[in-house]
Structure formats: structure tokens, C-alpha cells
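As a plain string of letters, each chain reads:
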Amino acid sequence: MEDNKKPGQAAPVPGERQFESLLWGSRLLVMLAVIPSLLGATVLFLIGTADIIKVMADTFVYYLAGGTQDIHDTVVPNIIMAVDIYLIAVVLLIFGSGIYRLFVSPIDQAESQAPNHPFNVHSFDQLKDKIARVVILAVIIEFFRAVVDIRFQTPLEAIYLAVSVLALAASLYLMSHAHRTNDH
């Protein structure tokens, strides 16, 4: 039996090689998160698309087919909801592909296309950062969907809205500033 031991290295523990092989193979357990993430993203993309098609159909009926149901109060919130659904689908795509890349294998097509592609993550921190950015955008869109339906009762409520929009703008500025700092 050939000794592959380097000078100063401890003797291998019996079964160590098999256990390490098992540990290395256990990385494939992440496929239990990757596949459902991709399936969930697919379902959400289909739902968002169906919602947009429904808005288009309602618009067609209202303007061209003499529909009587007013669509003005529902078009914008429904489109915003669809965009929110798309963003959540994107989160699932980035999560699934990022976990796959970190644990299983780099995605050759993403590697060759662009080093800054969202699927190219090199660490958990980078994956967390990419997901957090999309989640923040989804929260902002959800905020604007809620704002569309607001009917102000007092001037103070309008001030609260203005402060909220200012806070969102500041958070977007800080997020983009942090992104530029990380890129340099």
C-alpha cells in the first residue's frame, strides 16, 4: 500500500477517506432546495404572466368591446402585483442558481457570458446581498401598491406618505452606494 502522507502530516484515521467522500457527496442535498426554488419561480412567472394577460383582456373589453366595469381602479394595482410576483420569482431563481453554484458546480453558461451575471455568486455574502436587493425592490413595489389605494383623511397622512417615500429613496441611494463601493 502506497503512503500518500506528506512530511509532518498525521496518519489517516481509519474510515476517514470514506467519511470525507460521504461529506463531499452530501453537498448534493442542496438540490432539495434548488429544484423546488426553480419550480416555484416557474409557477410565479406563470402567475404573473396570467395576471398581466388578464389586465390586458380587461382593458381590451373595457375600451374596445364596450365593457361596463370600470378598470381604472384595478389596472395599476394589478400590474404592480404582477411585477411583485415576478420579483419574488427572480429571488427564487437567484437563490436556486446561487446555492447550486456554491455547493455543486459553477454554471458554465453564466460564467462565460458575464462575470457580473446574477447567477454568478462566489460567496454566501454575495448571494445574500443579491437576494436582499431584489427583496428590497419587492418590498418597495408592495409599498407603492398599498399607496395607490390610500385615500388621505388628514394632511398628516400625506406627510407620513412623503416621509415614507423619502425613507425609501434614501434606502435606494444607500443600497446603490453600497453596491458601487463593493464593485470597486
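Here's a quick rundown of the structure. These numbers were taken from a predicted model, which means no experiment stands behind them.

Cut-offs used in this document
- Residue numbers restart at each chain and count upward from 1, following the sequence in its written direction.
- This being a predicted model, a pLDDT of at least 70 is required before a residue's local features are given, and a value of 80 or more before pairs of side-chain atoms are given or counted; all residues contribute to the totals for chains, interfaces and linings.
- The basis for the side-chain values is all heavy atoms of the structure; hydrogens and waters are excluded.
- Residues enter patches when their relative accessible area tops 30% and they take part in no salt bridge; the joining distance is 9 Å for like charges and 5 Å for the nonpolar side chains Val, Leu, Ile, Met, Phe, Trp and Tyr.
- Working definition of accessibility: Shrake-Rupley area with a 1.4 Å probe, residue cover restricted to the visible protein chains.
- Any carboxyl oxygen of Asp or Glu within 4 Å of a side-chain nitrogen of Lys or Arg constitutes a salt bridge here.
- Only runs of H or I of at least four residues qualify as helices and only runs of E of at least two qualify as strands under DSSP, and these elements are numbered from the N terminus.
- The rule is simple: take the accessible area with a 1.4 Å probe, protein chains only, and divide by the maximum for that residue type; under 20% is buried, over 50% is exposed, in between is partly exposed.
- Simply put, an axis is a line fit to the C-alpha atoms, just over the touching stretch for a helix, and the angle between two N-to-C directions goes from 0 to 180 degrees.
- Any angle between 65 and 115 degrees counts as roughly perpendicular, while under 35 counts as roughly parallel, over 145 as roughly antiparallel, and the rest as oblique.
- Helix crossings get a hand from a simple test, with the near helix turned counterclockwise from the far one by less than a right angle marking a left-handed crossing and a clockwise turn marking a right-handed one.
- Three classes are used: nonpolar for Ala, Val, Leu, Ile, Met, Phe, Trp, Tyr, Cys and Pro, charged for Asp, Glu, Lys and Arg, and polar for all others, with Gly counted as polar.
- Here a polar contact means two N or O atoms within 3.5 Å. Within protein one must be a hydrogen donor candidate and the other an acceptor candidate, and residues neighboring in sequence count only if both atoms are side-chain atoms.
- Two residues form a contact once any of their heavy atoms are found within 4.5 Å.
- Any Phe, Tyr or Trp ring, taking Trp's six-membered ring, that has another such ring centre within 6.5 Å forms a pair; planes under 30 degrees apart are called stacked, those over 60 apart edge-to-face, and the others tilted.
- Grouping buried Ala, Val, Leu, Ile, Met, Phe, Trp, Tyr and Cys residues that are joined through side-chain atoms within 4.5 Å yields what is termed a nonpolar core.

So, about a nonpolar patch on the surface. On the surface, Phe60, Val61, Tyr63 and Leu64 cluster together into a nonpolar patch covering about 450 Å² of accessible area. When you line up the elements, valine 61 lands in helix H2 (residues 31–64). Take valine 61: its relative accessible area is 41%, and that puts it in the partly exposed class.

The geometry of H2 relative to helix H3 (residues 75–103) is characterised by a closest axis approach of 8 Å and an angle of 160° between their N-to-C directions. With respect to H3, the element H2 is oriented roughly antiparallel. The handedness of the crossing between H2 and H3 comes out as left-handed. Residues belonging to the contact of H2 with H3 are distributed by class as follows: 23 nonpolar, seven polar and one charged.

All right, on to the packing of H3 against helix H5 (residues 124–148) then. Across the interface, H3 lies against H5 with an axial gap of 9 Å and an inter-helix angle of 170°. Judged on the interaxial angle alone, H5 and H3 are roughly antiparallel. A class-by-class count of the residues in the contact of H3 with H5 yields 23 nonpolar, one polar and four charged.

With that settled, consider the side chain of serine 37. In this fold, serine 37 is placed in helix H2. There is a polar contact of 2.7 Å between the side chain of serine 37 and the backbone oxygen of alanine 33. When residues no more than four places from it in sequence are discounted, the contact partners of serine 37 are Leu92, Phe95 and Gly96.

Turning our eyes to something else, we now look at the packing of aromatic side chains. For the coordinates displayed, the defined rule picks out three aromatic pairs. With a centroid separation of 5.9 Å and an interplanar angle of 35°, the aromatic rings of phenylalanine 45 and tyrosine 86 are classed as tilted. With phenylalanine 45 in helix H2 and tyrosine 86 in helix H3, this pair connects stretches of sequence that are 41 residues apart. A relative accessible area of 27% places phenylalanine 45 in the partly exposed class. Residue classification places tyrosine 86 among the partly exposed residues on the basis of a relative accessible area of 26%. The interplanar angle of 85° and the centroid separation of 4.9 Å between the aromatic rings of tyrosine 62 and tyrosine 63 together place this pair among those described as edge-to-face. In this structure tyrosine 62 comes out as partly exposed when scored by relative accessible area, which is 24%. Take tyrosine 63: its relative accessible area is 51%, and that puts it in the exposed class.

Within soluble globular proteins, side chains that are nonpolar tend to cluster in buried spots. Of all hydrophobic cores here, the largest spans 14 residues; its most connected members are Leu87, Ile94, Ile99, Leu127, Ile131 and Val134. Mapped by element, the contributors of at least two residues to this core are H3 and H5. Ignoring any residue separated from it by four or fewer positions in sequence, one finds isoleucine 94 in contact with Pro118, Phe119, Leu127, Lys130, Ile131 and Val134.

The subject of this paragraph is the pattern of salt bridges. A complete count under the given rule lists three salt bridges for this structure. One salt bridge in this structure joins lysine 54 and aspartate 58, with 3.0 Å as the shortest N-O distance. With lysine 54 and aspartate 58 both in helix H2, this residue pair falls four residues apart, about one helical turn. Residue aspartate 129 is joined to arginine 133 by a salt bridge in which the shortest nitrogen-to-oxygen separation is 2.8 Å. Pair noted here: aspartate 129 and arginine 133 are both in helix H5, with a separation of four residues, about one helical turn. The class of aspartate 129 is partly exposed, set by a relative accessible area of 28%.

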